[in-house]
Amino acid sequence: MAKFAKTSPLKALLFYSILMITLPVAAFFCTQALIFQLFGIPPGEGYLYATAVSVIVIHVILGLFVYEAFTEDDRTSVVIQKED
């Protein structure tokens, strides 16, 4: 089985921070445009649905970040062997 190289915690934090800034905003505006154009829902309800989709995207990103944080190996541990 192939092993993939893990990224450093700082790179992972930067990656998920960028996702937290861009994806919810993009999801909000894409959902808003989709709801207004395809379904003809009034603006008040459209904003509600677009906000709900953005909140779901945020929770998915946070869940992925927590999963990666729990599954990463502990690189700071040191194994001390007894020399004879």
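For the structure itself, look to the data block above.
A quick note: this is a predicted structure, and the numbers were derived from the prediction, not measured.

Colleague: I would appreciate a short explanation of helix 1 (residues 9-39) in the present structure.
Modeller: Helical geometry: 3.6 residues make up each α-helical turn, so side chains three or four residues apart lie on a common side. Taking 1.5 Å per residue as the helical rise, helix 1 with its 31 residues ought to reach 45 Å, and the 42 Å between its terminal C-alpha atoms agrees with that figure. Approximately 25° is the largest bend angle found in helix 1, and it occurs at Met20, with the proline Pro24 only one to four residues beyond. Here helix 1 has its buried residues at Ala12, Tyr16, Leu19, Pro24, Ala27, Thr31, Gln32 and Ile35. Taken together, the buried residues of helix 1 touch helix 2 (43-71). The first or second residue beyond helix 1 is Gly40, which carries a positive phi of 65°.

Colleague: When you look at the side chain of Gln32 in this model, what are you seeing that I'm missing?
Modeller: Relative to the elements of secondary structure, Gln32 occurs in helix 1. Excluding residues that lie within four positions of it along the chain, Gln32 makes contacts with Tyr47 and Ala50.

Colleague: I keep staring at the packing of aromatic side chains and nothing clicks. Help me out?
Modeller: The tally for this structure, following the rule as stated, stands at 4 aromatic pairs. Relative to Phe29, the ring of Phe28 has its centre 5.2 Å away and its plane inclined at 85°; by these criteria the two rings are edge-to-face. Relative accessible area serves as the criterion here: at 51%, Phe29 is assigned to the exposed category. Here the aromatic rings of Phe36 and Tyr47 are separated by 5.9 Å at their centres, their planes lie at 80°, and the arrangement is edge-to-face. Placement of Phe36 in helix 1 and of Tyr47 in helix 2 is noted, with a sequence separation of 11 residues between them. We classify Phe36 as partly exposed; its relative accessible area is 28%. Judged by its relative accessible area of 40%, Tyr47 falls in the partly exposed class. By way of ring pairs, the aromatic residues Phe15, Tyr16 and Phe65 are connected into one cluster.

Colleague: Would you mind showing me how to read the side chain of Thr31 here?
Modeller: Within the secondary structure, Thr31 is located in helix 1. In contact with Thr31, not counting residues within four places along its chain, are Tyr49, Ala50 and Val53.

Colleague: I'm lost on the packing of helix 1 against helix 2 in this one. Help?
Modeller: Geometrically, a packed helix pair is captured by the angle between its two axes and the distance between the axes. The N-to-C vectors of helix 1 and helix 2 enclose an angle of 155°; their axes lie 8 Å apart at closest approach. In terms of axis orientation, helix 1 runs roughly antiparallel to helix 2. Seen along the crossing, helix 1 lies across helix 2 with a hand that is right-handed. Taken together, the residues of the contact of helix 1 with helix 2 sort by class into 22 nonpolar, 5 polar and 1 charged.

Scoring rules and cut-offs
- Residues numbered from 1 in each chain as written.
- Predicted model: local features only at pLDDT ≥ 70, side-chain atom pairs only at ≥ 80, totals over all residues.
- Heavy atoms only, no water.
- Helix = DSSP H or I, 4+ residues; strand = E, 2+ residues; numbered from the N terminus.
- Expected span 1.5 Å × (residues − 1).
- Bend = angle between axes of the 7 residues up to and from the residue.
- Buried < 20%, exposed > 50% of the residue type's maximum accessible area, 1.4 Å probe, protein only.
- Contact = heavy atoms within 4.5 Å.
- Phe/Tyr/Trp six-rings, centres within 6.5 Å; stacked < 30°, edge-to-face > 60°.
- Axes fitted to C-alpha atoms, helices over the stretch in contact; angles between N-to-C directions.
- Parallel < 35°, antiparallel > 145°, perpendicular 65-115°, else oblique.
- Left-handed = near helix turned anticlockwise from the far one by under 90°.
- Nonpolar A, V, L, I, M, F, W, Y, C, P; charged D, E, K, R; others polar.

Read these as spatial facts, not as claims about activity.
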